[in-house]
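Here are the chains, one letter per residue:
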Amino acid sequence: MALLEIRNLSRRFGDYMAVDNISLSIEAGEFFTLLGPSGCGKTTLLRMIAGFDAPDAGQILLDCVDLTGVPPERRPVRTVFQNYALFPHMTVAQNIAFPLEMANTPKSEIKGKVDEALEDVRLMGFAQRFPHELSGGQRQRVSIARALVTHPKLLLLDEPLSALDAQLREQMQIELINLQKEVGITFIYVTHDQAEALALSHRIAVMNRGQVEQLDEPTRIYSYPTSRFVADFIGTCNLFDGTVTQIDGNIMWLDVPGMGAVKASAVAGARVGLRGTIALRPEKTLVSAEIVRGVPDENHFDGHVKELLYMGGVTVYIVETDGGARLETMLANSAIGRPRFFEVGDAVDVAWRIDAGHFIVEPDHE
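Residues numbered from 1 in each chain as written. Predicted model: local features only at pLDDT ≥ 70, side-chain atom pairs only at ≥ 80, totals over all residues. Heavy atoms only, no water.

Asker: Sorry if this is basic, but what is going on with the pairing of strand E8 (residues 186–191) here?
Answerer: Looking along a regular strand, one sees the side chains alternate between the two faces of the sheet. Counting buried positions over the 6 residues of E8 gives 6, a clear majority of the element. Burial along E8 is two-sided: Thr-186, Ile-188 and Val-190 and Phe-187, Tyr-189 and Thr-191, pointing in opposite directions, are all buried. Pairing geometry for strand E3 (residues 31–35) and E8, over 5 bridges, is parallel. Bridge pairing in E8 places Phe-32 opposite Ile-188. As paired strands, strand E7 (residues 154–158) and E8 are joined by 5 bridges and run parallel to one another. (Buried < 20%, exposed > 50% of the residue type's maximum accessible area, 1.4 Å probe, protein only. Helix = DSSP H or I, 4+ residues; strand = E, 2+ residues; numbered from the N terminus. Pairing = 2+ DSSP bridges.)

Here it is, written out as structure tokens:
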């Protein structure tokens, strides 16, 4: 039995359906992420789990107990917010001790629990400092320690790293992964940052318009998106719409505007006339001045470099095919003294294996 079960949960604000009949299960000890763009319903779902907002329909079961109607302070759930929400007039130790005091924890036990929480977030020696004396990352660690000090069954994190700079955010991501492993508490994490979700999570629920578009492990969501929205939202992806014109064993041919015939791995139920989208990640393509032709399990197209973006370790190239289609590819800048391989206007060949692209069937053609 899952630790947390969401059953047919809905929440409406006037004519706007923020959460639309969502059902999902979260296991004990899992790092679970709700990922999606602004307005997709992820924060509303988190607020209902925390008890800050009431659902219009459905159930929230924690250890088989229905939390509907249970106030936030009586739920074994704690929330970490983006803005830290620390008391400025209290020291770090006093901030962390506050929920223990509210729970009538014996005074003789509080210091030991606070010290343990400080050790968990690696802030020993900061107990007597005030929030204004800490960096943004340190303040966020204090808010996490305060949430963990009562050993909740669930820790909810609402965009907790979005206010930090890129380098500190990456450092905090590593710390969160290690902390979750150490304490063994289930984390439910809300973010709109795809890279952050992929790095942190055991599983991700990608949300769109109040519903879950796909729920799976990060590698599956990245490599095998089940909808055009997920493919486009997660990372960078070339999306080629086309219609199946021929099927031969494990290979199907699609007619793609601006490219012509494109080969892909045949999907279950493939048939001539089936419409869908080939999702192709830039790193799964090959771009060169000349590529050997005639390999049966590859696609090849002539084109020229339309745009480029130098990014240090790699250069991203936007290639326009002779038929007018555009696709994104990339090359590592590994040659000594050579910052990039091609310039705008250079003629290039682009290729990819047929199994590098993932075919997504249009919903009304399934």
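Asker: It is not clear to me how the packing of helix H4 (residues 136–148) against helix H5 (residues 166–183) should be interpreted in this structure. Could you clarify?
Answerer: For any two helices packed against each other, the geometry comes down to the angle between their axes and how far apart the axes lie. As a packed pair, H4 and H5 sit with axes 11 Å apart at the nearest point and diverge in direction by 20°. By the angle between their directions, the pair H4 and H5 is classed as roughly parallel. Pair H4 / H5 crosses with right-handed handedness. Across the interface between the two elements, Gly-137, Gln-140, Arg-141, Ile-144 and Leu-148 of H4 pack against Leu-168, Met-172, Glu-175, Leu-176, Leu-179 and Val-183 of H5. Of the residues in the contact of H4 with H5, the class split is 7 nonpolar, 2 polar and 2 charged. (Axes fitted to C-alpha atoms, helices over the stretch in contact; angles between N-to-C directions. Parallel < 35°, antiparallel > 145°, perpendicular 65-115°, else oblique. Left-handed = near helix turned anticlockwise from the far one by under 90°. Contact = heavy atoms within 4.5 Å. Nonpolar A, V, L, I, M, F, W, Y, C, P; charged D, E, K, R; others polar.)

Asker: Would you explain unusual backbone geometry in this entry?
Answerer: Peptide bonds are, in most cases, trans, and in most cases residues other than glycine have a negative phi. One non-glycine residue, Asp-63, lies in the positive phi region at around 55°. Secondary-structure assignment places Asp-63 in the loop between strand E4 (57–62) and strand E5 (65–66). The class for Asp-63 is partly exposed, based on a relative accessible area of 38%. With a phi close to 55°, Arg-209 is a non-glycine residue in the positive phi region. Judged by its relative accessible area of 71%, Arg-209 falls in the exposed class.

Asker: What am I meant to see in the sheet that holds E3 here?
Answerer: Sheets are built from strands that pair by backbone hydrogen bonding, the pairs being arranged parallel or antiparallel. Read from one edge of the open sheet, 6 strands run E6-E7-E8-E3-E9-E10, paired in mixed fashion. The sheet is open, and its two borders are formed by strand E6 (77–80) and strand E10 (211–216), each paired with just one other strand. Going from strand to strand, the sheet's axes swing by 20° on average, the running direction of each strand aside. The strands touched by H4 within the sheet are E6, E7 and E8, with E6 carrying the most contacts at an inclination of about 175°.

Asker: Just checking my understanding: could you explain the packing of helix H2 (residues 92–102) against H4 for this structure?
Answerer: For the pair H2 and H4, the least separation of the axes is 7 Å and the interaxial angle reads 30°. The angle between H2 and H4 places the two elements in the roughly parallel class. The crossing of H2 and H4 is right-handed. Residues Val-92, Asn-95, Ile-96 and Pro-99 of H2 form the contact with H4, whose participating residues are Val-142, Ala-145 and Arg-146. Its residues assigned to classes, the contact of H2 with H4 shows 5 nonpolar, 1 polar and 1 charged.

Asker: I tried to follow the environment of Ile-22 on my own but got confused; where do I start?
Answerer: For Ile-22, the location among the structural elements is in strand E2 (residues 16–26). For Ile-22, a relative accessible area of 3% gives the class buried. With 23 residues separating them in the primary sequence, Ile-22 and Leu-45 have C-alpha atoms 9.0 Å apart. Excluding residues that lie within four positions of it along the chain, Ile-22 makes contacts with Ile-6, Arg-7, Asn-8, Leu-9, Leu-45, Met-207, Gly-210, Gln-211 and Val-212.

Asker: Hey, could you run me through H5 in this one?
Answerer: Residues lying three or four places apart along an α-helix face the same way, a consequence of the helix completing one turn every 3.6 residues. Along its 18 residues, H5 runs 26 Å from first to last C-alpha, staying within 8% of the 26 Å computed at 1.5 Å per residue. Along H5, the positions that sit buried rather than exposed are Met-172, Gln-173, Glu-175, Leu-176, Leu-179 and Gln-180. Looking at the buried residues of H5, the elements they touch are E3, helix H3 (107–120), H4, E7, E8 and helix H6 (194–200). In this structure Asp-165 caps H5, since a side-chain oxygen of it lies 3.2 Å from the backbone nitrogen of Gln-167. At the C-terminal side of H5, Gly-184 shows a positive phi close to 70°. (Expected span 1.5 Å × (residues − 1). Polar contact = N/O pair within 3.5 Å; in protein donor to acceptor, adjacent residues only side chain to side chain.)

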